[in-house]
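Here is how the chains run, residue by residue.
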Amino acid sequence: MTLHVTESDQDGWAVLRVTGEMDLVSSPVVRQQVHDAVADGRHDVVLDLSDVMFVDSSGVGVLIATRRLLRSCQGRMRLILPARGAEDGSHVNRVLAALGVRRLFDVYPDAESALDESAEPLSA
């Protein structure tokens with residue numbers, strides 16, 4: 001499965017909707033989209049990963065690097081990782097939890113709550 005990234009601006013946030021698989025080959029596309037947003041002066045980024053079906057360590061590395069980049073320019077990063085059924089939620093959420101890095105991210109179940117300044121992130 002290929003990776004697609006679409007971008008929109010909503011309520012002052014750059015919203016990047018990622019679809020497909022984030023692996024060694026495709027993850028640089030996400031990294032470049034984030035760098036382009038920051039270069040354009042947009043330092044508040046929502047990564048909508050609700051349609052990411054697979055992520056490997058290089059994809060996780062891009063998420064961590066994105067967090068570091070946005071923090072360095074006093075920006076903010078929010079992830080959308082919806083629950084999928086009664087299990088532990090999305091594949092990405094399970095991978096982040098298994099690697100012990102889930103707590104590094106502000107995670108929201110949908111775009112509406114990710115863009116709402118008064119909404120609290122989901123607990124790790």
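This text follows the structure it describes.
Since the structure is predicted, the reported quantities are computational estimates derived from the model, not experimental observations.

## Re the overall build of the chain
Working step 1: Along the backbone of the chain there are 4 helices and 5 strands.
Working step 2: In the chain, the succession of α and β elements from N to C terminus is β-β-α-β-α-β-α-β-α.
Working step 3: Considering only C-alpha atoms, the chain reaches an extent of 35 × 35 × 25 Å along its principal axes.
Working step 4: Buried positions account for 45% of the 124 residues belonging to the chain.

## Details of the pairing of strand S2 (residues 13–22)
Working step 1: Burial within S2 is extensive, with 7 of its 10 residues counted as buried.
Working step 2: Pairing of strand S1 (residues 4–10) with S2, which is carried by 7 bridges, proceeds in the antiparallel orientation. When the bridges of S2 are listed, Asp9 appears paired with Ala14.
Working step 3: Linking two consecutive strands that pair antiparallel, namely S1 and S2, is a turn of 2 residues; a positive phi of about 50 degrees is found at Asp11 within it.
Working step 4: Relative to strand S3 (residues 44–55), S2 runs parallel, the two being bridged by 8 bridges. The residue of S3 that forms the bridge with Val15 is Val46.
Working step 5: Following the backbone out of S2, through helix H1 (residues 27–39) and into the adjacent parallel S3, one traces a crossover that is right-handed.

## Regarding the pairing of S3
Working step 1: Counting buried positions over the 12 residues of S3 gives 9, a clear majority of the element.
Working step 2: Relative to strand S4 (residues 76–80), S3 is paired through 5 bridges, and the arrangement is parallel. If you follow Leu47 over to S4, its bridge partner there is Leu79.
Working step 3: Each parallel crossover has a hand, and the one from S3 via helix H2 (residues 57–72) to S4 is right-handed.

## Some words on helix H3 (residues 91–99)
Working step 1: Taken as a whole, H3 has its buried residues at Val92, Asn93, Val95 and Leu96. Along H3, the residues classed as buried sweep out an arc of 165 degrees about the axis, all on the same side.
Working step 2: Turning to H3, the residues buried within the fold contact S3, H2 and S4.
Working step 3: Within two residues after H3, Gly100 carries a phi angle of roughly 80 degrees, on the positive side.

Calculation criteria
Each chain has its residues counted from 1, running along the sequence as written. With pLDDT at 70 or above as the cut-off, local features in this predicted model cover only qualifying residues; side-chain atom pairs require 80 or more to be listed or tallied, and sums for whole chains, interfaces and linings still use all residues. With hydrogens and water set aside, each side-chain value is computed from the structure's full complement of heavy atoms. Numbering goes from the N terminus for both helices and strands, where a helix is a DSSP run of H or I of at least four residues and a strand is a run of E of at least two. Burial classification: accessible surface area is computed with a 1.4 Å probe over protein chains only, and a residue below 20% of its type maximum counts as buried, one above 50% as exposed, and the rest as partly exposed. For two strands to be treated as a pair, DSSP must find no fewer than two bridges joining them. By convention, a crossover is right-handed whenever its connection, traced from the first strand over the helix to the second and viewed with the strands pointing away, goes clockwise. The arc under discussion is defined with respect to the helix axis, by the directions toward the C-beta atoms. In what follows, residue pairs with any heavy atoms lying within 4.5 Å of each other are defined as contacts.

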